[in-house]
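What follows is each chain in one-letter form.
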Amino acid sequence: MRNAPTPAERKLWQALRGSALDGAKFSRQIVIGPFIADFVCRTRKLIVEVDGGQHSSEVDAGRTAYLEGAGYRVVRFWNREVMVNLEGVLRTIAAALADCPPPAPPVPGGESPPPAPPVPGGEK
């Protein structure tokens, strides 16, 4: 699929690539478990799916449940929606990104909190 995206996927990718939307870096066609997600922002744990007529609500529900269980939020759009209302799609994705803030920066020197300062009058 990476080498043969649908016209809707191509159009959306042009709008998402290069951190063009709210500085969020998206990758496309990313394997997550048994699935390939259309567009993934790993730092915000957001997946954007663009669906055509071949998708069924039962299959998509199971797929979404798996991806959400892996800690991702999933937003879906129909091909036609991307083609005729790209600005609306991008506003929806931007709103989803706002609900998935980037992780806090790591603590300098590693993930562990700094040791507690010595207690005055403590051990000698």
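Above this note sits the structure.
Residues numbered from 1 in each chain as written. Predicted model: local features only at pLDDT ≥ 70, side-chain atom pairs only at ≥ 80, totals over all residues. Heavy atoms only, no water.

**Quick look at helix α1 (residues 7-16)**
Point 1. Inspection of α1 places Ala8, Glu9, Leu12, Trp13, Ala15 and Leu16 among the buried residues, and these make up the whole buried set. The buried side chains of α1 occupy one side of the element, clustering within an arc of 160° when seen end-on.
Point 2. Downstream of α1 by a residue or two, glycine 18 has a phi angle that is positive, lying close to 65°. (Buried < 20%, exposed > 50% of the residue type's maximum accessible area, 1.4 Å probe, protein only. Helix = DSSP H or I, 4+ residues; strand = E, 2+ residues; numbered from the N terminus. Arc of directions from axis to C-beta.)

**Focus: the pattern of salt bridges**
Point 1. Within the structure shown, the criterion is met by five salt bridges.
Point 2. Of the charged contacts, one joins glutamate 49 and arginine 76 as a salt bridge, the two residues approaching to 3.8 Å between their closest N and O atoms. Highlighted residues: glutamate 49 in strand β3 (residues 46-51) and arginine 76 in strand β4 (residues 73-78), separated in sequence by 27 residues.
Point 3. In this structure, aspartate 51 engages arginine 76 in a salt bridge whose closest nitrogen and oxygen atoms are separated by 3.0 Å. (Salt bridge = Lys/Arg side-chain N within 4 Å of Asp/Glu carboxyl O.)

**With respect to the sheet that holds strand β2 (residues 35-41)**
Point 1. Here four strands make up an open sheet; going across it, the order is β1-β2-β3-β4 and the pairing mixed. With one partner strand each, in any of the chains shown, β1 (27-32) and β4 form the two edges of the open sheet. Geometrically, the sheet is characterised by an average inter-axis angle of 40° between neighbouring strands, direction not taken into account.
Point 2. Bridge analysis of β1 against β2 gives five bridges, and the strand direction is antiparallel. Looking across to β2, one finds that serine 27 is bridged to valine 40.
Point 3. Sheet strands touched by helix α4 (residues 86-99): β2, β3 and β4. Its angle to β4, the strand with the most contacts, is close to 175°. (Pairing = 2+ DSSP bridges. Axes fitted to C-alpha atoms, helices over the stretch in contact; angles between N-to-C directions. Contact = heavy atoms within 4.5 Å.)

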